[in-house]
Amino acid sequence: MSSLLRNLFSKHPEVVSTVKSTARDTYIALCLTGQLLTLAYLFDRYLFRLVGVKGPSMLPTIGERNNLLLLDCFTYAFLRSPQKNDIVVAENPFKPGHTLVKRVLYVEGEMAEVMDQRSQGYVSVKVPKGHVWIEGDNKSNSRDSRDFGPISVNLVDGVVRARVWPWELRQRLD
Amino acid sequence: MGQYLSHTFFHPQTGHPNLKVLTFNTIILLGIYANQRLFSISLIKDDSMSPYLLNSTFLSDLVWYHKYSPPTEKLRNKIVAVRDPFGKGIIFRRVIAEEHQWVQRMDDGGIIKVPQGHVWIECENPDGRKIDSLSPELNGPISRKHVLGPCERIIWPIWRCTSFSDMNKFSVLFGDKKPRHSQMYTSQQMYDKYGLQ
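Residues numbered from 1 in each chain as written. Chains lettered and ligands numbered in written order. Predicted model: local features only at pLDDT ≥ 70, side-chain atom pairs only at ≥ 80, totals over all residues.

Colleague: For this particular structure, what's the right way to read the UniProt feature "active site" (unreviewed entry) in chain A?
Modeller: Residues and elements named next belong to chain A. Mapped onto this numbering, the UniProt entry gives "active site" (unreviewed entry) at Ser57 and Lys102. What stands out for the annotated residues spanning 46 residues is how close their C-alpha atoms remain, the widest pair being 7.7 Å apart. Mapped onto the elements, Ser57 comes out in the loop between β1 (48–53) and β2 (67–72). When near neighbours in sequence (up to four residues on either side) are disregarded, Ser57 contacts Lys102, Gly136, Asn138, Asn141 and Ser142. Within the secondary structure, Lys102 sits in strand β4 (residues 99–106). Excluding its chain neighbours within four sequence positions, the residues that come into contact with Lys102 are Ser57, Val88, Ala90, Ile134, Glu135, Gly136 and Asp144. (UniProt positions renumbered as here; feature names shortened; annotations may be inferred. Helix = DSSP H or I, 4+ residues; strand = E, 2+ residues; numbered from the N terminus. Contact = placed C-beta atoms within 7 Å.)

Colleague: Hey, could you run me through the interface of chain B and chain A in this one?
Modeller: Where interface size is quoted, it is often the accessible area lost as the parts come together. Contact residues are listed per partner, giving 22 residues for chain B and 18 residues for chain A. Take the side of chain B that touches chain A: its biggest share by element is eight residues, from helix α2 (residues 19–37) of chain B. In terms of residue class, the side of chain B that touches chain A is made up of 10 nonpolar, eight polar and four charged. (Nonpolar A, V, L, I, M, F, W, Y, C, P; charged D, E, K, R; others polar.)

Colleague: Got a minute to help me understand the sheet that holds strand β1 (residues 39–43) of chain B in this structure?
Modeller: Strands pair in a sheet through their backbones, by hydrogen bonds, and they do so in one of two ways: parallel or antiparallel. All names here are of chain B. Across the sheet, which stays open at both edges, the seven strands sit in the order β1-β2-β9-β3-β4-β7-β8 with antiparallel pairing between neighbours. One side of each edge strand has no neighbouring strand; the edge strands of this open sheet are β1 and β8 (142–143). Pairing between strand β2 (residues 62–66) and strand β9 (residues 147–156): four bridges, direction antiparallel. Across the sheet, Tyr65 pairs through a bridge with Cys151, a residue of β9. (Pairing = 2+ DSSP bridges.)

Colleague: Looking at this structure, I do not really get the pairing of strand β7 (residues 131–135) of chain A. What am I missing?
Modeller: Remark: a regular strand shows side chains that alternate across the two faces of the sheet. All names here are of chain A. Of all five residues in β7, five are buried, a share of seventy percent or more. Here β7 shows a buried face lined by His131, Trp133 and Glu135 and a second buried face lined by Val132 and Ile134. Of the pairings in the sheet, the one linking β4 to β7 comprises three bridges and is antiparallel in character. Within the sheet, the bridge partner assigned to Arg103 lies in β7 and is Glu135. Where β7 meets strand β8 (residues 151–152), two bridges bridge the pair, whose relative direction is antiparallel. If you follow Val132 over to β8, its bridge partner there is Ile151. (Buried ≥ 20, exposed ≤ 12 C-beta atoms within 10 Å, placed from the backbone.)

Spelled out as structure tokens, the structure:
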């Protein structure tokens, strides 16, 4: 096998240059692909991305299906923590891999008013440091902080800036 | 400036890309990606994991931990890196129970079922207890979303360089046999013992 290859390379030197240039081109393509994928990941993680959401919990503001939202991850990563009336996308603490779209009602240090099912009355819950209280706009059909309590800011992905689909209902949401 | 940049990335005569610069940039970017998604290092800042992970003024332990763990990975009895739920930072805790398992608390003996998608984490050092499932701030299981991944090994100082699996296997630290953690029961054990389901 090696003698065959040596004969081939000595008789046809252009094969060597072809193999070399092909290997070089492949290496360049692989490097550029890696750079592109990494930059795309960083862009999604730290600048902004489009998220498709479904579910009835934000109903007057965001429809039940066929939504595409512009999610701004830059603000919470570098500028400020969540504030009142921000619509945020957060990770569901009970279901790994699922996300929530809710509105921030109370931030850290405030007292949240919540209906207690056992005593049938309103009780006050203090939102601890580094946490936010999120609730859906559709109060009757939403699983949110009234079920699982305040969630940590670490679980909040970003703030929703606009709805870009359906195109007829495009609108800024902040 | 533009000419300098173009001569850095491309050969001035032939116009081919400069492979050394290309390789360097790719390695830097892939390193950033690995630090974001795969593994990272962190210094120990308090005494909460004291016999295992030591804190001191100049030579605190430097821990190499994974930043990704598949949701089905068994983390019980492993030391994991956890995102601090009350601020920005990494804390190291031992996982005592995973989802759908039962825990009998060490302090008051209460029995709790860890809900779906949660884990029960505890410090190693009962005297220097910081944020964990027994502390008054958290006082319960924590979401699995906060858990980054298991710790791999201590990489600095050089004389404390140990793998965490070796630390668990060959640990002779606790000769007194006193319980230092809450007791975990699987659902089958709980059913056999108390009839709870």
